[in-house]
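Report on the structure
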Protein chains: 2
Amino acid sequence: MPTARGRIDKRQAILDAAITVFARRGYDQACVQEIADEAGVAKPTVYNHLTDKATLFREAMTAATGAAVARHLATLDRLAVPGDDLRTVLEEVALDLLRCHCDERSRAVRRLLHAETARFPDLLSLVRGPSGHRVTEALADRLARLALAGRLRGADPSLAAEQLIALLTGPADLRWPVSSPPDDDLATIAHAAVDTFLRAFAADPPVSQERAIHT
Amino acid sequence: MPTARGRIDKRQAILDAAITVFARRGYDQACVQEIADEAGVAKPTVYNHLTDKATLFREAMTAATGAAVARHLATLDRLAVPGDDLRTVLEEVALDLLRCHCDERSRAVRRLLHAETARFPDLLSLVRGPSGHRVTEALADRLARLALAGRLRGADPSLAAEQLIALLTGPADLRWPVSSPPDDDLATIAHAAVDTFLRAFAADPPVSQERAIHT
DNA sequence: ACAGATTTGAACTCATGGGTTCAACTTAAC
DNA sequence: GTTAAGTTGAACCCATGAGTTCAAATCTGT
């Protein structure tokens, strides 16, 4: 009997290959044979671990989104203890969030999710529902702490979080709808997003870009 | 011989039906027979007017995006002569832009465009390229005029336009990834977006939401 | 009414790919 | 070595749907 560890490895390899191939071809064009090849495995093995093409898709997508969310949350943790230079740490975190967002795998998963909502309505719970807006809400938590500490205006933290994320991802998706932009451009976008965000949400004696008014 | 007008009508009916069915099923799942039925036409007629399923898709998508862009541009024209209450007219225009963006047909076209970029890379010219960023650039033009008239800060108009659009569409897409939100929520989002936008881009003696600081 | 172009419905060909079957084979535990 | 679970490759069945063919029906300008 093959060891349990070996089974898990095969299953994981299949799920990874599935995401890769689905990303490359889309759901319909991806054929199970190609996924099996990509995983270095025979076709019946795929059906042995994951009964359907449909459940294969579902499992692969949930795993991939889980990983992506985890990466975002890890990045957000750096906002827990912002030093004294809020703008700088915000820019760093924003840039990293944007890197996650523009990562090739992330783009592919979002595209698939977006494309196949008609056929897999249950997958919408990955982006909506309880575990859905996790990233936005985690950011909102951080922003709320910052507001309470007097470092941001007292505004609805959920709204602020949504808008900051929009300022980051909107321009990026608009200018580079397909492939990932060079890191320089990401930095430019992140810088501009944080600048606009701070102009709108900085603490009430407004501290604008260059000059700080009475610390 | 059927009149030339009749031919055009049939072709148009086919293109409309194509968008409808592609939106409903996605490219692969949509079968030509169903499109023919939806258009009230026989299958060979479809192949008579549009040689391929692929070219059918291409033609339908270009027509649909053209119409959508036109609607956006018409809405933007109302920014040409903003009365004295900039915030109000901005909110109105923003709400209408958002309505266009969230329109069912618009969503479907964006989804299809996004989903089939792998198979139809040439369709990317609809969203990028010369005729691509037309809406953003038209908005940038309006904002540039407003800045020159001293009613907005002197900032890069393209950036401002991108960010305003991001503030509008980002939250909307985040909260209602599939169907169109109720109009009340659109208004809330538009209001919040314009508020943040004006906080960041209002003319230099900053006039914030309620109170004007030393005119 | 006539002619030329178009449309129609139905049947047809053909390629693709999901899913299954099965006998041979590998692997790890005992 | 034996055993049992798991894997493999190849062949297979079958549904689906793109695209074509064609004779009959329909339309339109004159």
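The model shown is predicted, which means the values in this text are computed figures rather than measured ones.

Okay, the packing of helix H7 (residues 134-148) of chain B against helix H8 (residues 157-175) of chain B next. Residues and elements named next belong to chain B. Here H7 crosses H8 at 120°, and the two axes come no closer than 8 Å. For the element pair H7 and H8, the recorded crossing hand is right-handed. From H7, Thr136, Glu137, Leu139, Ala140, Leu143 and Ala144 reach across to H8, where they touch Pro157, Ser158, Ala160, Ala161, Glu162, Leu164 and Ile165.

Let us now look at the pattern of salt bridges. Tallied over the entire structure, the rule returns 32 salt bridges over all chains. The residue Arg99(A) makes a salt bridge to Asp96(A) at a minimum N-O spacing of 2.5 Å. With Arg99(A) and Asp96(A) both in helix H5 (residues 86-102), this residue pair falls three residues apart, about one helical turn. Here Arg87(B) makes a salt bridge to Asp195(B), at a shortest N to O gap of 3.2 Å. In this pair, Arg87(B) sits in helix H5 (residues 86-102) while Asp195(B) sits in helix H9 (residues 183-201), placing the two residues 108 residues apart along the sequence. With relative accessibility at 9%, the residue Asp195(B) sits in the buried group. Residues participating in the shared-partner salt-bridge network are Arg78(A), Glu92(A), Asp96(A), Arg99(A) and Asp183(A).

Take the UniProt feature "DNA-binding region" (unreviewed entry) in chain A next. Those places that UniProt annotates as "DNA-binding region" (unreviewed entry) correspond, in this numbering, to residues 31-50 of chain A. Secondary structure across residues 31-50 of chain A comprises 75% helix and 0% strand; the distance between its end C-alpha atoms is 14 Å.

In this section: the side chain of His101(A). Residue and element names in this part refer to chain A. Mapping His101 onto the fold places it in helix H5. Here His101 falls in the buried class, since its relative accessible area comes to 10%. Only 3.1 Å separates the side chain of His101 from the side chain of Asp173, close enough to count as a polar contact.

Below, the discussion takes up the relation of the copies chain A and chain B. Here the second copy of the chain follows from the first by a rotation about an axis and a shift along it. For the pair chain A and chain B, the superposition axis carries a translation of 0.0 Å, the fit reaches an RMSD of 0.0 Å, and the rotation angle comes to 180°. Classification of the inter-copy transformation places it as that of a two-fold axis. Taken together, the interface assignments show that 97% of the residues at the interface of chain A recur at the interface of chain B, consistent with an identical surface on both copies.

About the cut-offs
Residues numbered from 1 in each chain as written. Chains lettered and ligands numbered in written order. Predicted model: local features only at pLDDT ≥ 70, side-chain atom pairs only at ≥ 80, totals over all residues. Heavy atoms only, no water. Axes fitted to C-alpha atoms, helices over the stretch in contact; angles between N-to-C directions. Helix = DSSP H or I, 4+ residues; strand = E, 2+ residues; numbered from the N terminus. Left-handed = near helix turned anticlockwise from the far one by under 90°. Contact = heavy atoms within 4.5 Å. Salt bridge = Lys/Arg side-chain N within 4 Å of Asp/Glu carboxyl O. Buried < 20%, exposed > 50% of the residue type's maximum accessible area, 1.4 Å probe, protein only. UniProt positions renumbered as here; feature names shortened; annotations may be inferred. Polar contact = N/O pair within 3.5 Å; in protein donor to acceptor, adjacent residues only side chain to side chain. Least-squares fit on C-alpha atoms with pLDDT ≥ 70 in both.

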